[in-house]
Each structure stands twice: as C-alpha cells, then as structure tokens.
Amino acid sequence: MIQQIEASPDEIYDIELEHSLLEANAKLAQENRALLDHHGITAIDVMGAIGSGKTTLITRLVEGLKDQIGVAVFNGDATTSNDADLIASQSVPVVQIATVKGCHLDANLVGKALRKTKLDNLRLIFIENIGNLICPAEFPLGSKARVVVVSVTEGPYMVRKHPHMFLGAQLVVINKIDLAEAMGVSVSELSEDVHRLKPDITVIPTSCKTGAGIDQVNSALLAV
Amino acid sequence: MHELSIASAVVDNILEFVAERSIKRVIAVRLAVGELSHVEEEQLRFCYMAITQETLIRDSALEIDRIPAVVRCHHCDYSGRPKYWEDALSAAPVPTLQCPNCGGAVEPVEGTDCAIKSVRFVSDEPVETVPGSSDFASDPS
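Below you will find a few notes about this structure. None of the values given here were measured: they were computed from a predicted structure.

**Overview of the overall build of chain B**
Moving on, step 1. Along the backbone of chain B there are two helices and eight strands.
Moving on, step 2. When the elements of chain B are put in sequence order from the N terminus, they spell out α-β-α-β-β-β-β-β-β-β.
Moving on, step 3. Here chain B holds 141 residues, and 45% of them are scored as buried.
Moving on, step 4. In chain B, the share of contacts with a sequence separation of at least 24, taken over all contacts with a separation of at least 6, comes to 69%.
Moving on, step 5. As displayed, chain B offers around 7200 Å² of accessible surface, 49% of which is attributable to carbon and sulfur atoms.

Next comes the structure, spelled out in structure tokens:
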C-alpha cells in the first residue's frame, strides 16, 4: 500500500482549457479542402470494411471516368501496395499512403499526398481509407463527400452493427448485389437501415462484376 | 483503436501545459466527450494510463464527462435530443440523424466534439484561475 500525502487545497488549481482534440485534424482537413477547391478538384473519401470492395469499386469508377476527366487515387493501406498496384493498372496517378499501424487516414497524411501530386488538370481524387468501420469516421480528410461501401457479403445486420460510420457520410454504396440472393441478404432492407440512421442519404446498389450501378455512382459523385 | 491517437493528443497537450508553468503535480484531467463522437471511454482510459506511465503526469486521473447530442431539424424546426434506434444490435440505443418529430434529416449541433475541458494541478506559485471553474467530481481536500 502506497501512502499518499495530499497537498493542501490552497495550492491546488483548476484551469479551464476548452481545447478540442479533434480540432488539429479538422483544421488540416480545411486546409486540404481549400487547396482542392483552389484547383477545382472534388475529393471523395471512400470508407468501408476490409473486403467490402472499395478498391474494385474505385477501379470501376475510374475506368468509367478517366477518358472524360482527370482522376487520381490516394490509396490508404496499412502495409501493402496491392490495392495501389491494382488501381495503377488503370494508368491514373496513384499515391500509396502507408499508415503502418494506424487504423485510419488523417488529414495530415492526405495533405502530404496532395503535396506529392500534380494537381493541375485533375477533377476528382478518390481517397481509399483504411478498411475499418469506426476510426475513419472521426477524422475528416478535406473531402467533399464521404462514401461508405457496404457489401451484401458482410451479412444482413452490417448497417445496424456499425451505425456511426453512416452518420457522417453523404453516399452509401451497397456492393456485390449479384451475390445478394446466394447470401440471403436483402438489399432493400440494408438500404432501409441506412435511411433509418440518416433519411437524406443517397443509397446506390452496385455490382462491380456486372457493372450495375457504377454509372449512377459516378453521376452522384460528379454532382456533389 | 483511434483512442490511442486521442489519448496521445491529451497527453501531449497536458505535458506542454505543465512545461510552461511551475507545476508540481497534475491531479486530474477532465475531458468532455460528445455522444456523437466515436470515442470509447474504457479504451480511452486504458490508453491514457498506458501513455502516461513514463511521464510526469503518470498519477493523474482522467475524468470524462459525456456531452449529450443535440440535433436541429430544418424541416420542422425541432431542436433537442436525437431520435434513438432502440432495437439496433448495439449494447446501447443508437443516436440517429432522423428527426423524432417529422422523420426528416437533422443536423447535429452539439455532442460531436472531444475536448480537454480543464486540468487540476498542484503548483508552488500562485496561479490565476477562472472563478467557478472547479467542476471536478471529487474535491481532493
């Protein structure tokens, strides 16, 4: 047992700090946004679980856009460059952001990636966040819209199990709908769950395999 | 586990605060954590304890106030607590951005931040404090 002697109360002080812990990131996100706006670029933060199909979706979206507008991709991944390599096969600029042990991208890392990128002639940047359904929500990156990718292979309760991610998003993509029947998962019920959390959010069902919904997602992103 | 990033930010801020003043010991750090922020209290406490181990503030207590969510509806002018999803699969009801009054989309206006509210410490020298700032749960005297 450690004995402790308390200081007399007249030596004890309380000071109010009111210091936001999220502000540092939020400020950098604003700087990123200002830089992007200055160049007329829309950045889209793509979030979702590991295996939800973020990389494949971005590859399909880039495929449909790259001949019309300048597109680049920032690829957040803990250690590997597999995803970046896959997207680079589309011959668009790709920056790999390795977070090593970090569970989310933050505005500082995205700012660094922006400084490494030739921004002239770009119109859209996809930022693929780390496969994680909680942490990225707390760290805005400076994007104009946040997209959550959910796949039917994550099961019927995916949305209600991870509600927080959806509150800050502007678009939800329900992916792999070609597998919905085999999985016994209802796309409309997943969509209803999303709207229960956020009534005004856009939900687009897609299949990267058949190409269903891909054009709709691109139109929605260009309109934000 | 972004609680580690948050806890590191708390510790960095407090250590900086301590370095600028004649402080003998930090007794407690009080945080205000919004209901709509994605911070898990237990993990935050664990990270704080782990990070402060080797620092000057290792014996300080971390006190956490939960700040309730407040939302505003632009459709029907409702302002107040959000609608909760009671039977979702979470351990606690989930706050939503659906208006409890008209079912439209609402904007969060309070309860999204995570901030250091105040710090309680022992000092050798008199320190100017704001009157009425003593909001710590336990009075150490």
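**Quick notes on the interface of chain B and chain A**
Many descriptions give the size of an interface as the accessible area lost when the pieces come together.
Moving on, step 1. At the interface, 53 residues of chain B touch 36 residues of chain A.
Moving on, step 2. Carbon and sulfur atoms supply 63% of the area buried between chain B and chain A, which totals about 3800 Å² over both sides.
Moving on, step 3. Of all residues in chain B, His 38, Trp 85 and Leu 89 of chain B bury the most surface against chain A, accounting for 18% of the area lost on that side.
Moving on, step 4. Linking chain B with chain A are one salt bridge, by the criterion used here.
Moving on, step 5. A salt bridge links Arg 120 of chain B to Asp 14 of chain A; the nearest nitrogen and oxygen atoms lie 2.7 Å apart.
Moving on, step 6. Viewed at the interface, chain A and chain B are joined by twelve residue pairs in polar contact (both at pLDDT 80 or more).
Moving on, step 7. Of all the secondary-structure elements, those providing two or more residues to the side of chain B that touches chain A are helix H1 (3-19), strand S1 (23-34), strand S6 (94-95) and strand S8 (114-123) of chain B.

**Considering the side chain of Ser 37 of chain B**
Moving on, step 1. The residue Ser 37 of chain B is located in the loop between S1 and helix H2 (41-52) in this model.
Moving on, step 2. With relative accessibility at 5%, the residue Ser 37 of chain B sits in the buried group.
Moving on, step 3. In terms of polar contacts, Ser 37 of chain B uses its side chain to reach the backbone carbonyl oxygen of Gly 34 of chain B, at 2.8 Å.
Moving on, step 4. For Ser 37 of chain B, the residues in contact, after removing those within four places along its chain, are Glu 138 of chain A together with Gly 111, Thr 112 and Asp 113 of chain B.

Rules used throughout
Residues numbered from 1 in each chain as written. Chains lettered and ligands numbered in written order. Predicted model: local features only at pLDDT ≥ 70, side-chain atom pairs only at ≥ 80, totals over all residues. Heavy atoms only, no water. Helix = DSSP H or I, 4+ residues; strand = E, 2+ residues; numbered from the N terminus. Buried < 20%, exposed > 50% of the residue type's maximum accessible area, 1.4 Å probe, protein only. Contact = heavy atoms within 4.5 Å. Areas by Shrake-Rupley, 256 points an atom, 1.4 Å probe, with all protein chains shown as cover. Buried area = accessible area lost by both parts, 1.4 Å probe. Salt bridge = Lys/Arg side-chain N within 4 Å of Asp/Glu carboxyl O. Polar contact = N/O pair within 3.5 Å; in protein donor to acceptor, adjacent residues only side chain to side chain.

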